[in-house]
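Architecture and fold: a report
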Amino acid sequence: MAIQALSIILAVLAVLLILGVPISYAIGISALCAILPTVALNISVITAAQRTFVGMSSFTLTAIPFFILAGNLMNQGGIAKRLVDFVMAILGKLPGALLVTNIGANALFGAISGSASASAAAVGSMVKLGEEERGYDKAISAASNAASAPSGLLIPPSNALITYSLVSGGTSVAALFLAGYLPGIVWTLGCVIVAILIAKRKGYSGNKEKFSWKNLFVATIRALPSLGLIIVVIGGIVKGVFTATEGSAIAVVYALILGICYRNVNFKTLKEILIESTKMSGMIVFLIGVSNILSWVMAFTGIPQAISSALLSLTQNKYILLLIMNIILLIAGTFMDVTPAILIFTPLFLPIVTEFGMHPVHFGLILVYNLCIGNITPPVGNTLFVGIRVGDSTLSEVIPVMLKYYIAILMGLLLVTYIPQISMILPQAAGLID
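Residues numbered from 1 in each chain as written. Predicted model: local features only at pLDDT ≥ 70, side-chain atom pairs only at ≥ 80, totals over all residues. Heavy atoms only, no water.

**A look at the overall build of the chain**
Within the chain, the regular secondary structure consists of 20 helices and 0 strands. Referenced to the eigenvectors of the C-alpha coordinate spread, the extents of the chain come out at roughly 75 × 45 × 45 Å. Long-range contacts, defined here as pairs at least 24 residues apart, represent 81% of the contacts in the chain between residues at least 6 apart. Accessible area of the chain: about 18,400 Å², with a carbon and sulfur share of 69%. (Helix = DSSP H or I, 4+ residues; strand = E, 2+ residues; numbered from the N terminus. Contact = heavy atoms within 4.5 Å. Areas by Shrake-Rupley, 256 points an atom, 1.4 Å probe, with all protein chains shown as cover.)

Printed below as a string of structure tokens:
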């Protein structure tokens, strides 16, 4: 029954996606088609409706719309320039100063905004003129911008990690948030190393001016209110002052006040931000609700157990199993967005990894890291194409440079996969997990 159900799900899902059906409907329809040979139509439809409602009724889920709204407010708040100046004040002496600054600012802006594409657009636009004035190759600039943008999705607050928490059965959001810092830094450092190597080969020098503590102090003061969102919200969640949902609401108030103080948010822009946030939130919340149908069908038909048995029959070596899972997730990430992929693959792979002793927090970071790579790989790769558009380059020009970044990012993935301490050390030190 499990193999038949899985075959139906994959076949129907593939056909619907090729036809351009929205992913939410494709998941719901494919799940229903898989259960119909076993459960009567009237019972299947009623149960599916119930599961959808239950999936959208989680208190923790409320955090996602709030963080989306906070991110959109910060996008409008004009913080990209402040973050670029802050990173430039710290890293400006390194070879390829603007490339390195772009990468560092992307990590910070992506974490605050919650969007890799928004980060590539905002930060890339800020450094573009300076890169052109210094004679940087457009393809190199575009690749550096695109490759580093998804790193912020690993650094909290992260909607991807909240989604994983819900699907995985309530893995601690605070633990996931803390666990995301070092993998996000690993991604960022990998990109920085590649950028410096390229810069040395191309002769892109750092800033000629002498390092100034005064400039660093001024840049820090200007960026501190924006960085304060991460400090206040994540600090409060980790310390147990408030829950992730309450922290997300505080983030909205913080971002709104900051936008008003910077005079970048008014009644007109606030209306546009609210409409855009509502659309995005509705899409994600409905997707999570519908994915609950898929989870029910998988559990009812025994699909996770069948996949577990199939993989374990190939090998009992957990390192090889993790490598196989990484390959599957990397391929899936090239065609699917992060959220639906989390909803589909978490119930499939989580039971397998927990069977050989992996902590759900560690697997959550492996999963999200893998799927974030899909943001910068064709044929979908939204962030990659945003970076290309901002950098006035072409895909054929950028891909040869991206290959260098892919190598560094994949090496980071292997580190995160096979060295659990990278993900686990911070939540363990905070006493959030054993």
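**Description of the environment of E272**
Among the structural elements, E272 can be located in helix 13 (residues 267-301). When its relative accessible area of 46% is taken as the criterion, E272 is described as partly exposed. Each C-alpha atom of the pair E272 and V368 lies 30 Å from the other, and the pair is 96 residues apart in sequence. (Buried < 20%, exposed > 50% of the residue type's maximum accessible area, 1.4 Å probe, protein only.)

**Thoughts on the packing of helix 9 (residues 159-167) against helix 10 (residues 173-202)**
Here helix 9 crosses helix 10 at 140°, and the two axes come no closer than 10 Å. As the angle between them shows, helix 9 and helix 10 are arranged oblique. Here helix 9 and helix 10 pass one another in a crossing that is right-handed. Two secondary-structure elements touch here, helix 9 through L161, I162, Y164 and S165 and helix 10 through V173, L176 and F177. (Axes fitted to C-alpha atoms, helices over the stretch in contact; angles between N-to-C directions. Parallel < 35°, antiparallel > 145°, perpendicular 65-115°, else oblique. Left-handed = near helix turned anticlockwise from the far one by under 90°.)

**With respect to unusual backbone geometry**
Leaving glycine out, the prevailing phi sign among residues is negative, and the prevailing peptide bond configuration is trans. Residue P157 follows P156 across a cis peptide bond; omega there is 0°. Its location among the elements puts P157 in the loop between helix 8 (138-148) and helix 9. Positive phi outside glycine occurs at R263, with the angle close to 60°. By secondary structure assignment, the location of R263 is in the loop between helix 12 (244-261) and helix 13. On the accessibility criterion, R263 (78% relative accessible area) is exposed. Notably, D392 is not glycine yet its phi reads approximately 55°, a positive angle. Structurally, D392 can be placed in the loop between helix 18 (382-390) and helix 19 (395-418). Judged by its relative accessible area of 42%, D392 is partly exposed.

**Considering the pattern of salt bridges**
Within the structure shown, the criterion is met by 2 salt bridges. D85 is the partner of K81 in a salt bridge, and the nearest nitrogen-oxygen pair spans 2.9 Å. Of the two residues, K81 and D85 are both situated in helix 5 (residues 80-91); the distance of 4 residues between them amounts to about one turn of the helix. The exposure class assigned to D85 is partly exposed, which follows from its relative accessible area of 26%. Among the salt bridges present, the one from D392 reaches K128, with a minimum N-O distance of 2.6 Å. (Salt bridge = Lys/Arg side-chain N within 4 Å of Asp/Glu carboxyl O.)

**Concerning the nonpolar core**
Judged by nonpolar contacts, the single largest core of 149 residues is most densely connected at W187, I303, F345, F349, F363, Y369 and Y405. Considering each element in turn, this core owes the most residues, 15 residues, to helix 10. Residues within four places of F363 in sequence aside, it is in contact with Y164, M325, F349, L350, V353 and M358. (Core = buried A, V, L, I, M, F, W, Y, C linked by side-chain atoms within 4.5 Å.)

**Observations concerning the packing of aromatic side chains**
Going through the model one piece at a time under the given rule, you end up with 8 aromatic pairs. A centroid spacing of 6.4 Å and a plane angle of 55° characterise the contact between Y164 and F363, whose relative ring orientation is tilted. Of this pair, Y164 sits in helix 9 while F363 sits in helix 17 (residues 360-373), and the two are 199 residues apart along the sequence. Residue F363 is classed as buried on the basis of its relative accessible area, which comes to 1%. Considering the side-chain rings of W296 and F300, the 6.2 Å spacing of their centres and the 50° angle between planes classify their relative orientation as tilted. Separated by 4 residues within a single helix, W296 and F300 lie in helix 13, roughly one turn from each other. (Phe/Tyr/Trp six-rings, centres within 6.5 Å; stacked < 30°, edge-to-face > 60°.)

**Quick notes on the layout of surface pockets**
Reported here for the largest pocket is a volume of approximately 930 Å³. G114, M280, I284, D337 and T339 are the residues nearest the centre of the largest pocket, which is lined by 43 residues in total. For the lining of the largest pocket, the elements supplying multiple residues, two or more each, are helix 4 (63-76), helix 6 (97-113), helix 7 (116-133), helix 9, helix 13, helix 16 (338-355), helix 17 and helix 18. Grouping the amino acids of the lining of the largest pocket by side-chain chemistry returns 23 nonpolar, 18 polar and 2 charged. The space that makes up the second largest pocket amounts to roughly 610 Å³. Every residue lining the second largest pocket is counted, 29 residues in all, and those nearest its centre are L10, L13, M336, I344 and F345. (1 Å grid on protein atoms, 1.4 Å probe; cavity = no way out; pocket = protein on both sides within 12 Å on 5 of 7 lines; lining within 4 Å. Points joined across faces, edges and corners; volume = space filled by probe spheres on them. Nonpolar A, V, L, I, M, F, W, Y, C, P; charged D, E, K, R; others polar.)

**Observations regarding empty space enclosed by the protein**
If a probe the size of a water molecule is rolled over the atoms, the empty space left behind becomes visible. Counted according to the given criterion, the structure contains 1 cavity of 30 Å³ or more. Looking at the largest cavity, its volume works out to about 110 Å³. Lining the largest cavity are 15 residues, and of these K128, E131, K138, S141 and G391 sit closest to its centre. Take the lining of the largest cavity: its biggest share by element is 5 residues, from helix 7. Taken together, the residues of the lining of the largest cavity break down into 4 nonpolar, 6 polar and 5 charged.

**A look at the environment of N370**
Positionally, N370 belongs in helix 17. C-alpha of N370 to C-alpha of M1: the two residues are 369 residues apart in sequence and 30 Å apart in space. For N370, the residues in contact, after removing those within four places along its chain, are N326, L329, L330 and L413.

Take it as geometry only, folks, not as evidence of what the structure does.
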